[in-house]
Amino acid sequence: MGKDMKLDRKNELKEKLAHYLFLFNATVAIISVAAIAFFVFYRGLQPFIPGNAEGTYSLIDFLTGLEWRPGEGKFGILYMIVGSLLATTGAIVLGVPIGILTAVFIAELAPKWIRTVIKPAVELLAGIPSVIYGLFGLGIIVPAIMQLSSQPQGQSLLAVILVLMIMILPTVITITESAIKAVPDSYREGSLGLGATKLYTVFRVVLPAAKSGILAGVVLGIGRAIGETMAVMLVAGNPIAGLPTSIFSPVRPLTTNIAMEMSYAFGLHQEMLFATGVVLFTFIIIINLILNRITRGSELK
Amino acid sequence: MVNKFSIKNLDMYYGDFQALINVNMEILDKEITALIGPSGCGKSTFLRTLNRMNDLIEGVRVEGEILLDGENIYKDIDVTKLRTRIGMVFQKPNPFPMSVYDNVAYGPRAHGIKKKAELDEIVEKSLRRAAIWDEVKDRIKKNALSLSGGQQQRICIARALAVDPEVLLMDEPTSALDPISTLKVEDLAEELKKDITIIIVTHNMQQAARISDKTAFFLNGELIEFDETDIIFSVPKDKRTEDYITGRFG
């Protein structure tokens, strides 16, 4: 006698219910992103639409202005965009090489016992709340810069860069490390079998093969750096006007502009802070599009 | 004929596990030696002790002697130099994710050759020696991964030949290939034998019989029998060898 093949309604229903449960959960993330995007853009674009109830502001003046004086109705953020970009670039330029070399060390070179020290340290670094980074920056980095700089204060572009550099390390290290680990051993064996040294193998075969993963780590690092708020706020100096002229100049990144004033702003001032958020959000979207491109490229291979 | 390799009382351990037990073997220059035996018998492990590829695995210990032209390769020698003398071709074709040209030029570049004319010459010569020049000469800048499996394997052979090795270790080089590609690789091995020593691990009994001069039968980490291929496949001395080649186990 064969086994009973009758349709099991109960089982089928269970499968279906589970399916919808998963679907529902997945939509939470999608709806959140859509809601946040809509909300920020809706509020942030108001001032540039003629006839806005709280007053209007020129988009050009907003994007090219070098002064942020809400009391005088001046809302220029170009110097903040520049500050954000310079700080992020600096953090990437310093942090990425350190991060990649650390990842290479952990994944390819370090003896086991050193690996068991470095890995938890990196994971802990990722878990430290950003305000603690800020305190560290304020307590150690800022005073040190004050010794070097001719400026009266240590809060500066350099301080922001150094704090962000440390903050992006865990992202760059972990993602680069997993990209390196994903490189098949057959590549390493092929290279070593030809009499190439370990270092030659790492730099000529392993890292190129892990390239797209590493780039993904760099892009996520950029995202982290440009979006970081709390730690940056404590060490940036946050001037109300002026492009940074040296690494010792204080800066006011986009994020801190919002965080510092949102609690008491109202009317047009508040909407201009939302508009700052729109600019920041746009940067994040661009970064994510780049990231998508990179990771999709690696899947095709 | 001279000895290329002399293996004396070779024991090898992975941690506590002894993978090779007292192996003694003389491998002659410019011959093809086939290593056969069931999975896990130690034949690949043995092959990888010959270019110290096992060094990469943690906890590996080697005792006894392996002499290459009379020099102990486990004494103070430069492993990278050893591996330029002893090339290796792996089970699965493993070209690097770069162009055919860059693959073949990889070894010479790793050893400091930078001049383009010199590299061009080495690349062409190696591809010709690996009998794949005609198939790839128009696609030399294409990614090697876009070639078929059989072509990839011959690219890997060309890549190994580019550093001008004296010995070529082949670890089941045709197990991932179709029958036609397999024949091409076998023909190639016989051609290369004129200049270099070849040691090949294979699961394919016919392959061992077809191309090798000597055959070594391994079982549970021991070298059971090692003799002329004709003898191994017609009148093996050991009962276990006979059982294996007649397909009674393994």
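Each remark here, short or long, concerns the structure printed above.
Residues numbered from 1 in each chain as written. Chains lettered and ligands numbered in written order. Predicted model: local features only at pLDDT ≥ 70, side-chain atom pairs only at ≥ 80, totals over all residues. Heavy atoms only, no water.

Draft legend 1. Broad picture of the pattern of salt bridges. The tally for this structure, following the rule as stated, stands at 32 salt bridges over all chains. Bridged by salt links that share partners, the residues Glu67, Arg69, Glu72 and Lys74 of chain A form one connected network. (Salt bridge = Lys/Arg side-chain N within 4 Å of Asp/Glu carboxyl O.)

Draft legend 2. Quick peek at the nonpolar core. Counting residues in hydrophobic clusters, the biggest one holds 51 residues, and the most contacted among them are Val160, Leu164 and Ile180 of chain A together with Tyr106 of chain B. For this core, the leading source of residues is helix α6 (residues 157-181) of chain A, giving 14 residues. Filtering out sequence-adjacent residues up to four positions away, Leu164 of chain A remains in contact with Ala87, Ala91, Ala225, Glu228 and Val232 of chain A. Among the nonpolar cores identified, the runner-up in size contains 43 residues, and Val123, Val136, Ala162 and Leu219 of chain B belong to it. (Core = buried A, V, L, I, M, F, W, Y, C linked by side-chain atoms within 4.5 Å. Buried < 20%, exposed > 50% of the residue type's maximum accessible area, 1.4 Å probe, protein only. Helix = DSSP H or I, 4+ residues; strand = E, 2+ residues; numbered from the N terminus. Contact = heavy atoms within 4.5 Å.)

Draft legend 3. A look at helix α7 (residues 179-192) of chain B. Residues and elements named next belong to chain B. Taking 1.5 Å as the rise per residue, α7 with 14 residues should run 20 Å; its terminal C-alpha atoms sit 20 Å apart, in good agreement. Within α7 the residues assigned to the buried category are Ser181, Thr182, Val185, Glu186, Leu188, Ala189 and Leu192. Axial view of α7: buried residues confined to an arc of 160°, hence all on one face. For α7, exposure combined with an orientation more than 90 degrees from the buried face picks out Pro179 and Ile180. Looking at the buried positions of α7, the neighbouring elements they touch are β3 (32-36), α4 (116-129), α6 (149-161), β7 (167-171), β8 (197-201) and α8 (205-211). (Expected span 1.5 Å × (residues − 1). Arc of directions from axis to C-beta.)

Draft legend 4. Structural context of helix α11 (residues 254-261) of chain A. Across the eight residues that make up α11 of chain A, a large majority, six, are buried. The complete set of buried residues in α11 of chain A reads Leu254, Thr255, Thr256, Asn257, Ile258 and Glu261 of chain A.

Draft legend 5. Quick peek at the pairing of β3 of chain B. Residue and element names in this part refer to chain B. Within β3, five of the five residues are buried, which leaves the element mostly enclosed by the surrounding structure. The alternating pattern of β3 places Ile32, Ala34 and Ile36 on one face and Thr33 and Leu35 on the opposite face, and all of these are buried. Looking at chain direction, β3 and β8 are connected through four bridges and run parallel. Each residue of the ladder has a partner; that of Thr33, found in β8, is Ile199. Relative to strand β9 (residues 214-219), β3 runs parallel, the two sharing four bridges. Residue pairing for β9: Ile36 is matched across the bridge by Phe217. (Pairing = 2+ DSSP bridges.)

Draft legend 6. Summary view of the sheet that holds β3 of chain B. Residue and element names in this part refer to chain B. Spatial ordering of the open sheet is given by β6-β7-β8-β3-β9-β10, a layout of six strands whose pairing is mixed. Only two strands of the sheet have a single partner each, and these edge strands are β6 (86-89) and β10 (222-228). Across this sheet, the average inter-strand angle for adjacent strands is 15°, counted without regard to direction. Relative to the sheet, α6 contacts β6 and β7, its axis offset from that of β6 by approximately 170°. (Axes fitted to C-alpha atoms, helices over the stretch in contact; angles between N-to-C directions.)

Draft legend 7. Summary view of the packing of α6 of chain A against helix α9 (residues 211-227) of chain A. All names here are of chain A. One way to put it is that α6 packs onto α9 with a least axis distance of 8 Å and a crossing angle of 155°. The pairing of α6 with α9 is recorded here as roughly antiparallel in orientation. Crossing angle aside, the handedness with which α6 passes α9 is right-handed. Within the contact between the two elements, α6 uses Leu164, Met167, Ile168, Thr171, Val172, Ile175, Thr176 and Ala179 and α9 uses Gly213, Ile214, Ala216, Gly217, Leu220, Gly221, Arg224 and Ala225. Residues that form the contact of α6 with α9 fall into these classes: 10 nonpolar, five polar and one charged. (Parallel < 35°, antiparallel > 145°, perpendicular 65-115°, else oblique. Left-handed = near helix turned anticlockwise from the far one by under 90°. Nonpolar A, V, L, I, M, F, W, Y, C, P; charged D, E, K, R; others polar.)

Draft legend 8. View of the interface of chain B and chain A. Every contact between the two is made by 25 residues of chain B and, on the other side, 17 residues of chain A. Buried area between chain B and chain A, both sides added, is near 1600 Å², and the carbon and sulfur share of it is 64%. Applying the counting criterion to the chain B and chain A interface returns one salt bridge. The partner of Arg48 of chain B in a salt bridge is Glu189 of chain A, and the shortest N-O contact between them spans 3.0 Å. Here chain B is connected to chain A by five residue pairs in polar contact (both at pLDDT 80 or more). Going through the elements one at a time, α2 (79-85), β6, α3 (100-110) and α6 of chain B are the ones with two or more residues in the side of chain B that touches chain A. Per-element tally for the side of chain B that touches chain A: the top contributor is α3 of chain B, with four residues. (Buried area = accessible area lost by both parts, 1.4 Å probe. Polar contact = N/O pair within 3.5 Å; in protein donor to acceptor, adjacent residues only side chain to side chain.)

Draft legend 9. Representation of unusual backbone geometry in the model. Residue and element names in this part refer to chain B. Despite not being glycine, Asp69 shows a phi value in the positive range, around 50°. Along the chain, the position of Asp69 falls in the loop between β4 (60-68) and β5 (71-72). Owing to a relative accessible area of 42%, Asp69 belongs among the partly exposed residues under this scheme. Positive phi, normally seen in glycine, also occurs at Ala131, with a value near 55°. Relative to the helices and strands, Ala131 is located in the loop between α4 and α5 (133-136).

Draft legend 10. Layout of a negative patch on the surface. All names here are of chain A. A cluster of like negative charges, contributed by Asp4, Asp8, Glu12 and Glu15, occupies part of the molecular surface. With respect to the element layout, Glu15 can be found in helix α1 (residues 9-45). Take Glu15: its relative accessible area is 58%, and that puts it in the exposed class. (Patch = residues over 30% accessible without salt bridge, like charges linked within 9 Å, V, L, I, M, F, W, Y side chains within 5 Å. Areas by Shrake-Rupley, 256 points an atom, 1.4 Å probe, with all protein chains shown as cover. Lys, Arg positive; Asp, Glu negative; His and termini not counted. Charge placed at Lys NZ, Arg CZ, Asp CG, Glu CD.)

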